[in-house]
Amino acid sequence: MSLTPTDSPLSASPPSPPPSRRAAASGRPQNPSDSSAPAVHSGVATFAHLTPKLEEYLTPSELKKVKEAYRFADEMHLGQMRKSGEPYISHPLAVAEICAEWKLDAQAMMAAFLHDVMEDQGVKKEELIERFGAPVASLVDGLSKLDKIEFQSQVEAQAENFRKMLLAMARDVRVILVKLADRLHNMRTMGSMPPDKKRRISRETMEVYVPIAHRLGLNNIYRELQELSFSHLYPLRHRTLHKAVKAARGNRREVVTKIMESVTSTLIAAGIPAQVDGREKTLYGIYRKMRNKHLTFSQVLDVYGFRVVVDSFANCYVALGTLHSLFKPMPGKFKDYIAIPKLNGYQSLHTTLIGPYGTPVEFQIRTREMHRVAESGVAAHWLYKDDEGSLTDLQQRTHAWLQSLLDIQKQTGDSAEFLEHVKVDLFPDSVYVFTPKSKIIALPRGATALDFAYSIHTDIGDQTTSAIVNHEPAPLRAELHNGDIVEIITSPTSRPSPNWLGYVRTGKARSAIRHRLRTANRIESQTVGRRLLGNALQTLGIDADLPGAIVDRLLNESSAKTMDDLYAEIGIGTRMAPLVARHIMGMLDAGVSVPQLDPEGHMLPNKPDPVVITGSEGASAQLSSCCMPIPGDRLTGYLRADQTLIVHTQECETAKRLHEKEPDRWIELVWGHDLNRRFDCRITILIHNHRGTLARIAAEIGEADANIVSVGMDDDGGASMKYLRFTIQVEDRVHLARTMRGIRKIDSVARILRERG
């Protein structure tokens, strides 16, 4: 495994052609050495290196078109250099070489050469259509950023760029294949960039491109992008692990050899033709396992991995039985991804056995075809067709996911919201559940029965009233687990509730609920919203008949185009009437406002009543994750520019810092009554590291009728002490105090406190 960027063999070439019309007209300063610089990259020799690969699957006429695209790109990028000092054309050549490994068609290969000419050289889409045809121009357009549009922030610009790329990908998956090749070469050649830019690009790669590669089953790209991102994000940790793995290889050789010999001879004796290879963990895989499971380097490296590739489907299971007769299997460590493939089409049998010297040995058993899909995913079967019926199962699953991107886009307000929904669906962890007719549905881990309903069809989700999980009634917020059988009960009169947004997990469900809330029963929502805002204004002593200047300013500062739109947003719960009323009061106070009088002519007080919080306001109000308020805490609220209310405790340090910067955005809040729900909060427990302590604490939390959401452990307390960090759900401060009191009585507990950010 080498993470050192290597120079592309496509970078050597003979003398350059004459300067192009565009290079001369571009106004770029000509380097005195330009006459010789293009000699590194021009003409036949660079493309000649790629020609044998392309000739394997392209016709002569297609090859001629690809060569024409290369010549055009070479002409457009003439005189342009990469930060490394190489001629820029070396980058499109390297991207094309990666695409040729996947045997992408002629149009995709042309787009690989041309992918930067619109963004960097100002070539118009119309010119590309005229020279290379509309399909190629659409691919290049989907790969180009939106640099000419002014955005309010870098985040908004980036979100819109991703939205454009993902929608182009939904229409034509070749867009993302070329983009991944582009990103891979950029990651390989980031050596000359400043550290902060390396980290930014690597973080973006890890958050967006790595999950997309995984989702499409491009495991080779997925692993390499992970490794490269890790090396740039945490260079010291990467170097340290690299040295440690290199040093440990010698000690492992004897064990690996013994296992390989045993497995190979046993499979031969059983008459199973097989190829057995050792699998070495990636550095990022080692790092992630150490961090997430709190393991030492030696503990992670003590697990050996092997891949067994057999000649037929049936022999996968025969080989499994043979290996189980050779080494004892570990209970609960067997997964059949052949019967139930992963979302990205991956198929293998996974089993963990106790090998020589008592070491765990992980085996993956698959056929050659499964191995090809495991390494190259959707690109393994690459054959671009418009006829959906001719696609493989993997391509149909990919097509269905890409189609869901278009559904989300139709129902989403802005680019940031769209990207948020898509990122949720890109998480690789999945659960597999069954319909009553035994159809398998894959959902992200943590998905609920309501997510299942929306995965079947948007109309099913909108009309859901209840769920039955494993033949037992279950709430819509019930989290699903592998193997659950789920049945959805619907009613034509049922409609989505704003509360549903609090527990759905998938992007499709979230966008569908928001869309339905925005559009369903609009007249009713407007009527309810008008009444709620009128009541809130009356409480503040403000006439509901607002001046035109105030209305105009209010609409300019919100996403609503008319007051009816604003009333509808209040009516469906995406805005809170008291907050809008306070905002109006602030605008009136800032201008020349008429004092409000009661019926007897006395001036009404300007101090408004606190806004009541119930914890179920949906999108209009959010409990802050830094201090996690629970009933009984003193509250304060920060009103963001989009009128979303962020609820903090008054003791929260984050809230105090924000209050110093923007004191005008804070309002008084109080808890409502009869909340009838539980709230998350964090507690930290310092324990003496005795056996059974964690189990006793968990039992005590259950005894107090609190729910455990998550638990973590770290070694900050030293060798004999550990910190346990719990996120638990309680009803209020009294319930929390009772729970903590019970935990404090345990002998091994030295200290317990509630985290407040």
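Since this is a predicted model, take the numbers as computed values, not measurements. (Residues numbered from 1 in each chain as written. Predicted model: local features only at pLDDT ≥ 70, side-chain atom pairs only at ≥ 80, totals over all residues. Heavy atoms only, no water.)

### Comments concerning the overall build of the chain
Stage number 1. From N to C terminus, the chain includes 29 helices and 19 strands.
Stage number 2. Residue pairs in contact within the chain that sit at least 24 positions apart in sequence constitute 68% of those at least 6 positions apart. (Helix = DSSP H or I, 4+ residues; strand = E, 2+ residues; numbered from the N terminus. Contact = heavy atoms within 4.5 Å.)

### Here's the deal with the packing of aromatic side chains
Each pair of aromatic rings is reported with the distance of its centres and the angle of its planes.
Stage number 1. Scanning the model with the defined rule gives 11 aromatic pairs in all.
Stage number 2. A cation over an aromatic ring shows up here: Arg725 above the ring of Tyr723, its NZ or CZ 5.3 Å from the ring centre. (Phe/Tyr/Trp six-rings, centres within 6.5 Å; stacked < 30°, edge-to-face > 60°. Lys NZ or Arg CZ within 6 Å of the ring centre and 35° of its normal.)

### Examining the side chain of Thr693
Stage number 1. Mapping Thr693 onto the fold places it in helix α28 (residues 693-703).
Stage number 2. In this structure Thr693 comes out as buried when scored by relative accessible area, which is 2%.
Stage number 3. Here the side chain of Thr693 touches His690 through a polar contact of 3.0 Å, landing on its backbone oxygen.
Stage number 4. A distance of 3.3 Å separates polar atoms of two side chains, one belonging to Thr693 and the other to Ser748.
Stage number 5. Beyond its immediate chain neighbours, meaning those up to four positions away, Thr693 contacts Ile687, His688 and Ser748. (Buried < 20%, exposed > 50% of the residue type's maximum accessible area, 1.4 Å probe, protein only. Polar contact = N/O pair within 3.5 Å; in protein donor to acceptor, adjacent residues only side chain to side chain.)

### Quick look at the pattern of salt bridges
Stage number 1. Applying the stated criterion across every chain yields a total of 17 salt bridges.
Stage number 2. Here Glu362 makes a salt bridge to Lys289, at a shortest N to O gap of 4.0 Å. One end of the pair, Glu362, is in strand β5 (residues 360-367); the other, Lys289, is in helix α14 (residues 283-293), with 73 residues separating them in the sequence.
Stage number 3. Between Glu653 and Lys656 there is a salt bridge, and its shortest N-O distance comes to 3.7 Å. Of the two residues, Glu653 and Lys656 both sit in helix α27 (residues 653-661), three residues apart, roughly one turn of that helix. (Salt bridge = Lys/Arg side-chain N within 4 Å of Asp/Glu carboxyl O.)

### Side note on the environment of Ala509
Stage number 1. Structurally, the position occupied by Ala509 is in helix α22 (residues 507-519).
Stage number 2. Taking the C-alpha atoms as reference, Ala509 lies 5.8 Å from Asp451; in sequence the two are 58 residues apart.
Stage number 3. Among residues more than four places away in sequence, those in contact with Ala509 are Asp451, Tyr454 and Val504.

### A look at the sheet that holds strand β3 (residues 328-336)
Stage number 1. Strand order in the open sheet formed by five strands is β1-β2-β5-β4-β3, and the pairing between neighbours is mixed. The open sheet has two free edges, formed respectively by β1 (274-279) and β3, since each of these has just one partner strand. Across this sheet, the average inter-strand angle for adjacent strands is 20 degrees, counted without regard to direction.
Stage number 2. For strand β4 (residues 349-354) and β5, the ladder comprises six bridges, and the chain directions are antiparallel. Bridge pairing links Leu353 to Val361 in β5. (Pairing = 2+ DSSP bridges. Axes fitted to C-alpha atoms, helices over the stretch in contact; angles between N-to-C directions.)

### Some words on the packing of helix α12 (residues 219-233) against α14
Stage number 1. Where α12 contacts α14, the two axes come as close as 8 Å, and the packing angle between them is 70 degrees. Classed by the angle they form, the pair α12 and α14 counts as roughly perpendicular. Within the contact between the two elements, α12 uses Tyr222, Gln226, Glu227 and Phe230 and α14 uses Leu283, Tyr284, Gly285, Tyr287 and Arg288.
Stage number 2. Class assignment of the residues belonging to the contact of α12 with α14 gives a composition of five nonpolar, two polar and two charged. (Parallel < 35°, antiparallel > 145°, perpendicular 65-115°, else oblique. Nonpolar A, V, L, I, M, F, W, Y, C, P; charged D, E, K, R; others polar.)

### What about the sheet that holds strand β10 (residues 486-490)?
Stage number 1. Strand order in the open sheet formed by three strands is β9-β8-β10, and the pairing between neighbours is antiparallel. Two strands lie at the open edges of the sheet, namely β9 (472-474) and β10, each paired on one side alone. On average, adjacent strands in this sheet sit at an angle of 35 degrees to one another, irrespective of strand direction.
Stage number 2. Two strands pair when backbone bridges link them, and strand β8 (residues 464-469) and β10 are joined in this way by five bridges, in the antiparallel orientation. Pairing of Ile468 across the sheet is with Glu487, part of β10.
Stage number 3. Along the sheet, helix α20 (residues 449-456) makes contact with β8 and β10, crossing β10 at roughly 80 degrees.

### A word on helix α24 (residues 548-556)
Stage number 1. Taken residue by residue, α24 has Ile550, Val551, Leu554 and Leu555 as its buried positions. One side of α24 holds all its buried residues, which, seen down the axis, span an arc of 130 degrees. Away from its buried face by more than 90 degrees, α24 exposes Ala549 and Asn556. (Arc of directions from axis to C-beta.)

In short, the description is geometric, and any link to function would need to be established separately.
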